Structure formats: structure tokens, C-alpha cells
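# Tertiary structure, described
Residues per chain are reported as follows:
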Amino acid sequence: MKFIADVMLGGLAKYLRMLGIDTKYYKNIDDKSIVKISEEEDRVILTKDKKMVKELNPKNVYIVEANHTIDQTKEVVDRFDLRSQVNPLSRCLICNSVLREVTKDEVKELVDDITFNSFDEFYVCDNCKKVYWHSTHTDRMQIIIEKIINQGSQWGSK
Ligand SMILES: [Zn+2]
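Every value quoted in this text rests on a predicted model; they were computed, and no experiment measured them. (Residues numbered from 1 in each chain as written. Predicted model: local features only at pLDDT ≥ 70, side-chain atom pairs only at ≥ 80, totals over all residues. Heavy atoms only, no water.)

### Observations regarding the sheet that holds strand S7 (residues 131-134)
Across the sheet, which stays open at both edges, the three strands sit in the order S5-S6-S7 with antiparallel pairing between neighbours. What marks the edges here is a single partner per strand, and that holds for strand S5 (100-102) and S7. Across this sheet, the average inter-strand angle for adjacent strands is 35°, counted without regard to direction. Bridge analysis of strand S6 (residues 121-124) against S7 gives four bridges, and the strand direction is antiparallel. Paired with Tyr123 across the strands is Tyr132, a residue of S7. (Pairing = 2+ DSSP bridges. Helix = DSSP H or I, 4+ residues; strand = E, 2+ residues; numbered from the N terminus. Axes fitted to C-alpha atoms, helices over the stretch in contact; angles between N-to-C directions.)

### Some points on the sheet that holds strand S1 (residues 3-5)
Read from one edge of the open sheet, four strands run S2-S1-S3-S4, paired in parallel fashion. Edge positions in the sheet fall to strand S2 (23-25) and strand S4 (61-63), since each of these pairs with one other strand and no more. Averaged over all pairs of adjacent strands, the angle between their axes in this sheet comes to 25°, without regard to strand direction. Here S1 pairs with S2 via three bridges, running parallel. Considered in S2, the bridge of Phe3 is made with Thr23.

So this is what it looks like as C-alpha cells:
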């Protein structure tokens, strides 16, 4: 399942990428181009813009109801049953490219000494060159991810 978020849903796009879900997002793009990309690449449009949906009548669209980013992310994960697709730290938050796990040596020149010495798992985005690192206990991202994933499944199992 692939998505394209409209200009108003940058936060949601970032959170979906955080979960490893393929989500395109552009800060400056018109609605017609979003519909075009959606059709060409078989992506579901995520939007809150009912007027746009009425006017352009895109084939593949989902109108997000929730207002806050975490709630929106949960809504999309539930609606499209994405839990099995979740793969944290697999996709760049900035550009949506797939991350590559690298050895510590490879990032030695790219991160500061404290980061280099504190973490063992590093990932790079070959497209925009951003470096990511992983820590299970302190990572705020990990906490948010668990919040999104667990809450829904908890409800589901009861
Ligand atoms: Zn990137």
C-alpha cells in the first residue's frame, strides 16, 4: 500500500514514513498533480480537503477525519490495516527513500563523536545523505511508534 499526502498533511506523511510506509509528500504541489501521481503510481491520496475530492473526483482517495498527527496516523494504519507492513527506520523521513544499514566505519565522518560512540546501528539515505541511528530505550520515535502500533491492536484483541 502506497500513499501520497496532500500539502496540509506533512506531519502525517512524516509519521507514516517513520513506520516505513511509502508516502510521497511535496510542500509545493497543486491538487491536479497529486491526482496525477496517485493514478500513475497507484497511490492512495490522503487529504482532509473534501472540496478537492468533490471537484477532482480522484479514484483513489481517503479523507482523513482525525486532527492530530498521531491520531491521523493511527486512523490510516487502522483503515488500511498496515500493521503487518510497519518497518520502523526503513524509510527516510525527509525524502521517503529506502534507508540502507551501514557499518559504523561508514558514518565515522558523518556524525559527531558522541553520537558515534553512543550508538551501534546506523542507517543512511543514499538520496539525501541524511544519517539515522537507533537506540531502543531513549528514542522518542520508538515510543511514538509503539503508541501507534500497540493501541490499535490492543483494542482489536479484546
Ligand atoms: Zn532522504
